[in-house]
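This is what each chain is made of:
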Amino acid sequence: QVQLVESGGGLVQPGGSLRLSCAASGSIASINAMAWYRQTPGKQRELVATITSGGTTSYVDSVKGRFTISRDNAKNAIYLQMNSLKPEDTAVYYCNADIWTGPPPRLRNYWGQGTQVTVSS
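Definitions and limits used
- Residues numbered from 1 in each chain as written.
- Predicted model: local features only at pLDDT ≥ 70, side-chain atom pairs only at ≥ 80, totals over all residues.
- Heavy atoms only, no water.
- Buried < 20%, exposed > 50% of the residue type's maximum accessible area, 1.4 Å probe, protein only.
- Helix = DSSP H or I, 4+ residues; strand = E, 2+ residues; numbered from the N terminus.
- Pairing = 2+ DSSP bridges.
- Core = buried A, V, L, I, M, F, W, Y, C linked by side-chain atoms within 4.5 Å.
- Contact = heavy atoms within 4.5 Å.

Points about the pairing of strand β8 (residues 77–82)
Point 1. Most of β8 sits inside the fold, with five of its six residues counted as buried.
Point 2. Sheet analysis places strand β7 (residues 67–72) next to β8, joined by six bridges and oriented antiparallel. By the bridge assignment for β8, I69 is matched with L80.
Point 3. If you look at the hairpin formed by β7 and β8, you'll find four residues sitting between the two strands, and N76 has a positive phi there, around 50°.

Next comes the structure, spelled out in structure tokens:
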């Protein structure tokens, strides 16, 4: 069984910073792309940032220049450094990954349980 566990959320003032972490555990053979999503009540889940196994990154326009996604393949972990936070960044942030397990080899998409980020004065 594979699990993704996020940590690092909390309450921060506008302009502040937070660092989210996500660690994958279980019978993992390898991990392809990993990503961070976020969701607010009544809205669809939004892709925030992605990182490939080779380290190529991409971001939604609203966080470019403020958020940085990184990855530690040895720890099966990704991170999201969030700087210059704004109230509109308030959301539940979810980790997502395409993970190979096995043998026999099987590729599945997994989600973490989410961590709340609240940006407010």
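A word on the nonpolar core
Among soluble globular proteins, nonpolar side chains are generally buried collectively.
Point 1. In terms of nonpolar packing, the biggest core is built from 28 residues, with W36, L80, M82 and Y93 touching the most fellow members.
Point 2. Where this core is concerned, the elements lending two or more residues are β3 (18–25), β4 (28–39), β5 (46–51), β7, β8, β9 (91–101) and β11 (115–119).
Point 3. Ranked by residue count, the leading element in this core is β9, at five residues.
Point 4. Residues within four places of L80 in sequence aside, it is in contact with L18, R19, L20, W36, V48, A49, F67, T68, I69 and Y93.

Overview of unusual backbone geometry
Point 1. Note that the residue after G102, namely P103, is joined by a cis bond; omega there is 20°.
Point 2. Relative to the helices and strands, P103 resides in the loop between β9 and β10 (106–111).
Point 3. That bond from P103 to P104 is cis: its omega, -5°, falls within 30 degrees of zero.
Point 4. Among the structural elements, P104 can be located in the loop between β9 and β10.
Point 5. Phi at S84 takes a positive value of approximately 50°, unusual for a residue other than glycine.
Point 6. Tracing the sequence through the fold places S84 in the loop between β8 and β9.

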